[in-house]
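The chain contents come next:
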Amino acid sequence: SDFNEYGYTSWLKYLTECAFDFVPRVTSDYLNAPDYDFGYGSYTADNFLNGDRAGDGVYPMTDISTADPDVVFVHLGSNSGASDVQNILAIWDQFIADGRFVIGAEILPRSSGAFGYDADDLAACYAANVSLKAAAATRGILFAEWASTVTETVGGYGSGLYLTDGVHPNIAGAARMADYLKTF
């Protein structure tokens, strides 16, 4: 599908009265292309940056470069890894070098019931967000501090009220995220 009605970008477009247009992804071998969301399910920041995950022939950075957007909103999910922060920074830096307006975002924590996600993973998520926020400030880019829009408590696990599978926002979570983003 081109747009998911439960995605935060569709909600954001509605809440801002269509203040922006989506750029279509047409270059990728990714399963859902062509589409407009540039989402790459289960990709880590490393997969996004370097492409060709397990030989799949998908290169997200090339997809975005070919689409040639003015603004790039970089929200990489909770497929965490030790090098996530450095890879996200490399992604931001590449887009900045390409002359794009970059907006960064916090990594969303998973719910406490998400498979394989424990207190150490939660702490790593929030530590990564602190590093990303500081790096966004040094680069002068906008940074969405929105993890708390989908959590049980500030600094806590993601809430089952807002995450459909413990990882991805459901319609209520997406609406809350979009409501936060409209302030940008």
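Residues numbered from 1 in each chain as written. Predicted model: local features only at pLDDT ≥ 70, side-chain atom pairs only at ≥ 80, totals over all residues. Heavy atoms only, no water.

Chemist: Can you walk me through the overall build of the chain in this structure?
Modeler: Counting secondary structure elements, the chain contains six helices and three strands. Along its sequence from the N terminus, the chain presents helices and strands in the succession α-α-α-β-α-β-α-β-α. For the chain, the C-alpha radius of gyration of 16 Å lies close to 16 Å, the compact-globule estimate for 184 residues. If one aligns the C-alpha atoms of the chain with their principal axes, the spans along those axes are about 40 × 35 × 35 Å. Counting over 184 residues, the chain shows a buried share of 43%. Long-range pairs, those at least 24 residues apart, make up 62% of the contacts in the chain between residues at least 6 apart in sequence. Of the roughly 9400 Å² that the chain leaves accessible, carbon and sulfur atoms contribute 54%. With 9 positive and 24 negative side-chain charges, the chain shows a separation of 5 Å between the mean positions of the two kinds. (Helix = DSSP H or I, 4+ residues; strand = E, 2+ residues; numbered from the N terminus. Rg over C-alpha atoms; globule rule 2.2 N^0.38 Å. Buried < 20%, exposed > 50% of the residue type's maximum accessible area, 1.4 Å probe, protein only. Contact = heavy atoms within 4.5 Å. Areas by Shrake-Rupley, 256 points an atom, 1.4 Å probe, with all protein chains shown as cover. Lys, Arg positive; Asp, Glu negative; His and termini not counted. Charge placed at Lys NZ, Arg CZ, Asp CG, Glu CD.)

Chemist: What is the right way to read the side chain of Asn47 from this model?
Modeler: In this structure, Asn47 sits in helix H2 (residues 45-50). For Asn47, the residues in contact, after removing those within four places along its chain, are Ser42, Arg53 and Pro60.

Chemist: Even after reading the chapter, I still don't get the sheet that holds strand E2 (residues 101-105), so can you show me in this structure?
Modeler: Strand order in the open sheet made by the three strands is E1-E2-E3, with parallel pairing throughout. Where the open sheet ends on each side, the last strands, each with one partner, are strand E1 (71-74) and strand E3 (142-144). This sheet shows a mean twist of 20° between the axes of neighbouring strands, independent of strand direction. For E2 and E3, the ladder comprises three bridges, and the chain directions are parallel. Across the sheet, the residue bridging to Ile103 is Leu142, located in E3. (Pairing = 2+ DSSP bridges. Axes fitted to C-alpha atoms, helices over the stretch in contact; angles between N-to-C directions.)

Chemist: I would appreciate a short explanation of the pattern of salt bridges in the present structure.
Modeler: If the charged atoms of two oppositely charged side chains come close together, the side chains can form a pair. Inspection of the entire model under this criterion finds five salt bridges. A salt bridge links Arg100 to Asp68; the nearest nitrogen and oxygen atoms lie 3.0 Å apart. Placement of the pair is Arg100 in the loop between helix H4 (84-97) and E2 and Asp68 in the loop between helix H3 (60-67) and E1, with a sequence separation of 32 residues. Take Arg100: its relative accessible area is 10%, and that puts it in the buried class. The class for Asp68 is exposed, based on a relative accessible area of 53%. Of the charged contacts, one joins Glu145 and Lys133 as a salt bridge, the two residues approaching to 3.1 Å between their closest N and O atoms. Here Glu145 is found in the loop between E3 and helix H6 (171-181), whereas its partner Lys133 is found in helix H5 (residues 119-139), with twelve residues between them in sequence. (Salt bridge = Lys/Arg side-chain N within 4 Å of Asp/Glu carboxyl O.)

Chemist: Looking at this structure, how should I read the environment of Gly155?
Modeler: Along the chain, the position of Gly155 falls in the loop between E3 and H6. Since its relative accessible area comes to 42%, Gly155 is described here as partly exposed. Considered as a pair, Gly155 and Cys125 are 30 residues apart in the sequence and their alpha carbons are 9.8 Å apart.

Chemist: Even after reading the chapter, I still don't get H6, so can you show me in this structure?
Modeler: Note on helix geometry: an α-helix contains 3.6 residues per turn, so any two residues three or four positions apart are oriented the same way. Taken as a whole, H6 has its buried residues at Gly173, Ala174, Met177, Ala178 and Leu181. Taken down its axis, H6 places every buried residue within 130° of arc, on the same side. Buried residues in H6 make contact with helix H1 (8-15), E1 and E3. (Arc of directions from axis to C-beta.)

Chemist: Would you explain the packing of H1 against H6 in this entry?
Modeler: The relative placement of two packed helices comes down to the angle between their axes together with the axis-to-axis distance. Where H1 meets H6, the closest approach of the two axes is 8 Å, and the angle between their N-to-C directions is 50°. One element, H1, and the other, H6, form an angle in the oblique class. In the crossing of H1 with H6, the sense of the turn from one axis to the other is right-handed. Of the residues in H6, those touching H1 at Tyr8, Trp11, Leu12 and Leu15 are Ile171, Ala174, Ala175, Met177, Ala178, Asp179 and Leu181. A per-class count over the contact of H1 with H6 returns ten nonpolar, no polar and one charged. (Parallel < 35°, antiparallel > 145°, perpendicular 65-115°, else oblique. Left-handed = near helix turned anticlockwise from the far one by under 90°. Nonpolar A, V, L, I, M, F, W, Y, C, P; charged D, E, K, R; others polar.)

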